[in-house]
Amino acid sequence: MSSAELSESLSKPTVKQTGRILLLEAEELLREMLALALEEQGYEVLITTDGRNALPSMQNSSFYHHGEFPFSLMIMDSINGLDLCRMLRHQGNPVPILIIGARGSANNCAFYLEAGADDYLTKPFGMREFIARCRALMRRQRLGQMPHPMMLQYKTIILYPEECRVLVRGEEVKFSPKQFRLLELFMSYPRRVWSRDQLLEQIWGHDFVGDSKTVDVHIRWLREKLEIDPSQPEYIITVRGFGYRFG
């Protein structure tokens, strides 16, 4: 896609689907495979092969000038994506960025992450992992854009996110950082059912090395601090076959 074509497509109003993605990949076969995989998931994909073409196109976009960035995710190869990644972060743009690195370039991972990328995927990789990484990055971005409440309350539990403080039945209770973040996530989405894998991804990150029993252990610790009778939980409920919900 040329610079003019990319500029024209950016200027057109779009129907919101599950997300709009810019794919910057020089390798034609891989580019087509990635685009097809993303489109099959319902995403709208715009393709370019040169970061230098994308830079002026994005800067001249009417969406960009009016404060509405046109993409939910940027996927870039490690050859062409560096300048674009640096430009976006220099301008304070928080769009998630996934870098795709060539085989044998794993040592460059830290370099790109320091330049502002959010994740790094080394070739070869499976499409299932690729799609999962894309979904995780966009999901984290959506959660991060939500207004941060001054206080979360459910029955006798009050959580102060900015103070990292929790009151249970009027008394302050201490939580480890992981326990606090897990409780904050639960209280932010009451009655939502979370699978163990979703909780691992949200609290521990997709690169966590371990198994889902880690979640069960932290749930037990939370219940011991929150529940009057941990064996008959009132707050953190087990949904058999699915995971856990709060309330």
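Everything here concerns the structure above.
Caption draft 1: Geometry of the overall build of the protein. For the protein, the count of helices and strands is ten helices and twelve strands. Counting the 247 residues in the protein, one finds 45% classified as buried. Once local pairs closer than 6 in sequence are excluded, the contacts in the protein between residues at least 24 apart make up 55%. When the accessible surface of the protein is summed, it comes to about 13400 Å², and 51% of that surface belongs to carbon and sulfur atoms.

Caption draft 2: Region of interest: unusual backbone geometry. Looking along the chain, the bond that leaves Lys123 and enters Pro124 is cis, with omega of -5°. Tracing the backbone shows Pro124 in the loop between β5 (119–122) and α7 (127–145). For Lys155, which is not glycine, the phi dihedral falls at a positive 50°. In the Ramachandran plot, Cys164 falls in the positive-phi region, its phi being about 50° despite a non-glycine side chain. Of note, Cys164 is situated in the loop between β7 (157–160) and β8 (165–168).

Caption draft 3: The arrangement of the sheet that holds strand β4 (residues 97–101) in detail. Reading across the sheet, the five strands line up as β2-β1-β3-β4-β5 and stay open at both edges, with parallel pairing between neighbours. Both outer strands of the open sheet, β2 (44–48) and β5, are each paired with one neighbouring strand and no more. Averaged over all neighbouring strand pairs, the angle between strand axes comes to 20°, with direction disregarded. Note: strand β1 (residues 20–24) against strand β3 (residues 73–77), four bridges, orientation parallel. Across the sheet, Leu22 pairs through a bridge with Met74, a residue of β3. Sheet strands in contact with helix α2 (residues 28–40) are β1, β2, β3 and β4, and its direction is about 165° off that of β2. Packing against the sheet, helix α5 (residues 82–90) makes contact with β1, β3 and β4, and its axis sits at approximately 145° to β3.

Caption draft 4: Representation of the pairing of β1. Here β1 lies mainly inside the structure; five of its five residues are buried. Side chains Arg20, Leu22 and Leu24 of β1 all project onto a buried face; the interleaved residues Ile21 and Leu23 project onto the opposite face, where all are buried too. Of the pairings in the sheet, the one linking β1 to β2 comprises five bridges and is parallel in character. Considered in β2, the bridge of Ile21 is made with Val45. Note that the unit made of β1, α2 and β2 has a crossover that is right-handed.

Caption draft 5: Expanded view of the packing of aromatic side chains. Tallying each qualifying case throughout the model produces six aromatic pairs. When the centroid spacing of 6.3 Å and the interplanar angle of 20° are considered together, the rings of Phe186 and Phe246 count as stacked. Note that Phe186 is positioned in helix α8 (residues 177–188) and Phe246 in strand β12 (residues 243–246), a separation of 60 residues in sequence. Judged by relative accessible area, Phe246 falls into the buried class, the value being 0%. Taken together, the aromatic side chains of Tyr154, Phe186, Tyr235 and Phe246 make up a single cluster linked through ring pairs. Seen from the ring of Tyr189, Arg192 lies directly overhead, with NZ or CZ sitting 5.7 Å from the centre.

Rules of the game
- Residues numbered from 1 in each chain as written.
- Predicted model: local features only at pLDDT ≥ 70, side-chain atom pairs only at ≥ 80, totals over all residues.
- Heavy atoms only, no water.
- Helix = DSSP H or I, 4+ residues; strand = E, 2+ residues; numbered from the N terminus.
- Buried < 20%, exposed > 50% of the residue type's maximum accessible area, 1.4 Å probe, protein only.
- Contact = heavy atoms within 4.5 Å.
- Areas by Shrake-Rupley, 256 points an atom, 1.4 Å probe, with all protein chains shown as cover.
- Pairing = 2+ DSSP bridges.
- Axes fitted to C-alpha atoms, helices over the stretch in contact; angles between N-to-C directions.
- Right-handed = clockwise from strand over helix to strand, strands pointing away.
- Phe/Tyr/Trp six-rings, centres within 6.5 Å; stacked < 30°, edge-to-face > 60°.
- Lys NZ or Arg CZ within 6 Å of the ring centre and 35° of its normal.

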